[in-house]
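Examination of the molecular architecture
As a plain string of letters, each chain reads:
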Amino acid sequence: MASLVRHVTIDCADPFGLADFWAKVLDGTVSEDDNPGDPEALVKSAGADLLFIQVPEGKTVKNRVHLDLQPQDRSRDEEVERLLALGATVVSDQRRPDGTGWVTMADPEGNELCVERSRAERIATGAS
């Protein structure tokens, strides 16, 4: 039998604060055992669970792994606006005039993520 991904672990300075941000992004929940100041915090969501671990050093280079988000009930552009309101920032806008492309963003601690088109948007343009 193959292994399964139990959760994706992300190093950070403020596990609870970042878990709270990601719980809102993913419509998930922060584990009831986790509190502000704890050295780790777990977000449970319909997709993969995310585990945030406190580390002393800050992020200094580009992520080697990042999450690609596909909005489920809104467009890519609406999701970008929602994430900006939650505290994310735009790193690189790769949207094209024909509606394809993505937006690279950063969470409040600078971890990169991409917002892709929703399934409905991909189907409308014949993409899979």
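As a reminder, the structure under discussion sits directly above these lines.
A short tour of the structure in this document, coming up. (Residues numbered from 1 in each chain as written. Predicted model: local features only at pLDDT ≥ 70, side-chain atom pairs only at ≥ 80, totals over all residues. Heavy atoms only, no water.)

Once that is clear, we can look at the nonpolar core. Residues Trp22, Phe52, Leu83, Met105 and Leu113 are the most contacted members of the largest nonpolar core, which totals 20 residues. Of all the elements in the fold, those that place two or more residues in this core are strand 1 (8-12), helix 1 (15-26), strand 3 (40-44), strand 4 (50-54), helix 2 (76-86), strand 7 (103-106) and strand 8 (112-115). (Core = buried A, V, L, I, M, F, W, Y, C linked by side-chain atoms within 4.5 Å. Buried < 20%, exposed > 50% of the residue type's maximum accessible area, 1.4 Å probe, protein only. Helix = DSSP H or I, 4+ residues; strand = E, 2+ residues; numbered from the N terminus.)

Moving on to the pattern of salt bridges. Evaluation of the coordinates by the stated rule reveals eight salt bridges. When the shortest N-O distance is used, the salt bridge between Asp77 and Arg95 registers 2.9 Å. With Asp77 in helix 2 and Arg95 in the loop between strand 6 (89-93) and strand 7, this residue pair connects regions lying 18 residues apart in the sequence. Taking the relative accessible area as the measure of exposure, Arg95 reaches 30% and is therefore partly exposed. Put simply, Glu79 and Arg82 hold a salt bridge, and the shortest N to O gap is 2.9 Å. Here Glu79 pairs with Arg82, and both are found in helix 2, just three residues apart, close to one helical turn. When salt bridges with common partners are traced through the structure, they connect Asp73, Arg74, Glu79 and Arg82 into a single cluster. (Salt bridge = Lys/Arg side-chain N within 4 Å of Asp/Glu carboxyl O.)

If you check helix 1, its first and last C-alpha atoms are 16 Å apart, about what 12 residues at 1.5 Å a residue would give, namely 16 Å. Listed as buried for helix 1 are Pro15, Leu18, Ala19, Phe21, Trp22, Ala23 and Val25. Trailing helix 1 by a residue or two, Asp27 shows a phi angle of about 55°, which is positive. (Expected span 1.5 Å × (residues − 1).)

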